[in-house]
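Topology and contacts: notes
One-letter residues, chain by chain:
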Amino acid sequence: MVKPFVPQLVYMEPRALEYPLGRELHEKFSKMDIEIRETTSHNQVRNLPGDNHFQKYRVAKSTLVVGVRKTLKFDTSKPSAEYAIPFATGCMGHCHYCYLQTTMGSKPYIRTYVNTDDIFDAAEKYMQERAPEPTRFEASCTSDIVGIDHLTHTLKRAIEYFGKSDHGRLRFVTKFAHVDHLLDADHQGRTRFRFSMNADYVIKFLEPGTSRLDERIEAAAKVAEAGYPLGFIIAPIYLYDDWKQGYLTLFEKLEAKLPKSATKDLTFELIQHRFTKPAKRVIQKNYPMSKLEMEEEDRLYKWGKYGIGKYVYQKDQQQDMKDTFGSYIDKFFPNAKLEYFT
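Heads up: these notes are all about the structure in this document. Small disclaimer: the values here were computed from a predicted structure and weren't measured.

1. Description of the layout of surface pockets
Over the atoms rolls a probe the size of a water molecule, and in doing so it shows where empty space is left. Approximately 300 Å³ is the volume attributed to the second largest pocket. For the second largest pocket, the lining is made up of 15 residues, of which H53, Y57, G105, S106 and P108 are closest to its centre. Among the secondary structure elements, those contributing two or more residues to the lining of the second largest pocket are helix 2 (53–60) and helix 10 (277–286). The greatest single-element share of the lining of the second largest pocket, amounting to four residues, is contributed by helix 2. A class-by-class count of the residues in the lining of the second largest pocket yields seven nonpolar, six polar and two charged.

The following block contains the structure:
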């Protein structure tokens with residue numbers, strides 16, 4: 001079982017101590033005897049311990065930086081929401097395929113932001129602009145926020161904040177099962193709690209440092225019992241030798257464990273594995289022994305929005321995925337909504 005994350009090293013911006021959460025975290029980590037260093041900015045953490053890239057990368061993934069989020073202009077989000085809401089950046093998981101490896105580049109450490117009221121105020125302005133239309137905020141575009149929330153409770157505060165809002169909706173996705181502190185949050189049905197799921201093979205070989213499949217399913221059942229709207233992202237869909245059986249087993253386990261109440265308002269998002277050339281270079285550097293298959297000649301090249309193309313599966317393989325997952329969803333969760341396949 002993967003234990004809840006505890007940082008090996010903490011950096012704090014001096015300004016973070018001007019906020020109640022910053023002071024609370026400083027006191028918490030001091031009591032835990034974790035080394036606390038000062039940094040002028042959460043973007044400028046240098047001199048991490050380690051003799052080489054491999055060591056420094058792993059130290060960074062277990063380092064937490066407590067800072068103040070200065071940029072409160074929210075990005076437009078993925079297909080699942082109107083805006084990304086920035087409570088944290090970075091992740092303690094070691095998923096070999098993760099796009100954060102390239103987007104975060106030389107800063108793979110985890111950052112949490114203590115000026116939550118400023119972030120809520122900014123969210124309120126976005127909601128007012130779109131009212132009376134609801135506005136969805138995605139809290140996990142640049143992090144797995146559940147992975148650190150047992151320490152910060154920022155996400156819990158956000159769930160309760162959106163629970164009181166007229167036009168706001170919150171959503172996030174996690175690979176971690178440490179959800180017990182979120183079960184009593186007053187969410188008012190306005191937060192969709194999603195779990196990233198995959199076949200056992202993918203979790204075992206490509207998602208080190210994250211909760212195992214059975215742990216995630218157990219956590220999803222708890223979340224459903226707590227009345228949250230539930231969703232599953234199956235990502236990345238990865239074509240290994242026995243993929244159809246592996247994903248079938250996943251659906252069988254989900255159906256067996258989820259309470260019936262969860263199936264009334266259930267969503268699925270399907271994302272095939274893809275990679276870019278820059279990502280491939282970074283992945284091979286960070287995880288030189290990875291089993292992740294990234295042969296360009298086996299893939300279809302798809303032009304990207306920002307000039308960097310990505311390698312996806314061939315068209316016939318994509319159709320096979322759509323048909324396979326479509327049949328599994330129809331069979332096991334006929335009332336669920338498939339939000340997209342990409």
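2. Points about the sheet that holds strand 11 (residues 266–272)
Here we have seven strands laid out as an open sheet, ordered 4-7-8-9-10-11-14, and parallel in their pairing. In this open sheet, the two strands that pair with only one neighbour each are strand 4 (83–84) and strand 14 (337–341). Sheet analysis places strand 8 (residues 168–174) next to strand 9 (residues 191–197), joined by five bridges and oriented parallel. Bridging across to strand 9, V173 finds its partner in R194. Helix 8 (residues 213–225) contacts strand 9 and strand 10 (230–237) of the sheet and is inclined by roughly 165 degrees relative to strand 9.

3. Some details on unusual backbone geometry
Look at the link from A131 to P132: it is a cis peptide, with omega at 5 degrees. Along the chain, P132 turns up in the loop between helix 4 (116–130) and strand 7 (135–138). Omega for the bond connecting A235 with P236 falls within 30 degrees of zero, at -10 degrees, which places this linkage in the cis form. Within the secondary structure, P236 sits in strand 10. The phi dihedral of D33 falls on the positive side, at around 60 degrees, and the residue is not glycine. You can see D33 is positioned in the loop between helix 1 (20–31) and strand 2 (35–38). Positive phi, normally seen in glycine, also occurs at H153, with a value near 60 degrees. In this fold, H153 is placed in the loop between helix 5 (146–152) and helix 6 (154–164).

So, how was this worked out
- Residues numbered from 1 in each chain as written.
- Predicted model: local features only at pLDDT ≥ 70, side-chain atom pairs only at ≥ 80, totals over all residues.
- Heavy atoms only, no water.
- 1 Å grid on protein atoms, 1.4 Å probe; cavity = no way out; pocket = protein on both sides within 12 Å on 5 of 7 lines; lining within 4 Å.
- Points joined across faces, edges and corners; volume = space filled by probe spheres on them.
- Helix = DSSP H or I, 4+ residues; strand = E, 2+ residues; numbered from the N terminus.
- Nonpolar A, V, L, I, M, F, W, Y, C, P; charged D, E, K, R; others polar.
- Pairing = 2+ DSSP bridges.
- Contact = heavy atoms within 4.5 Å.
- Axes fitted to C-alpha atoms, helices over the stretch in contact; angles between N-to-C directions.

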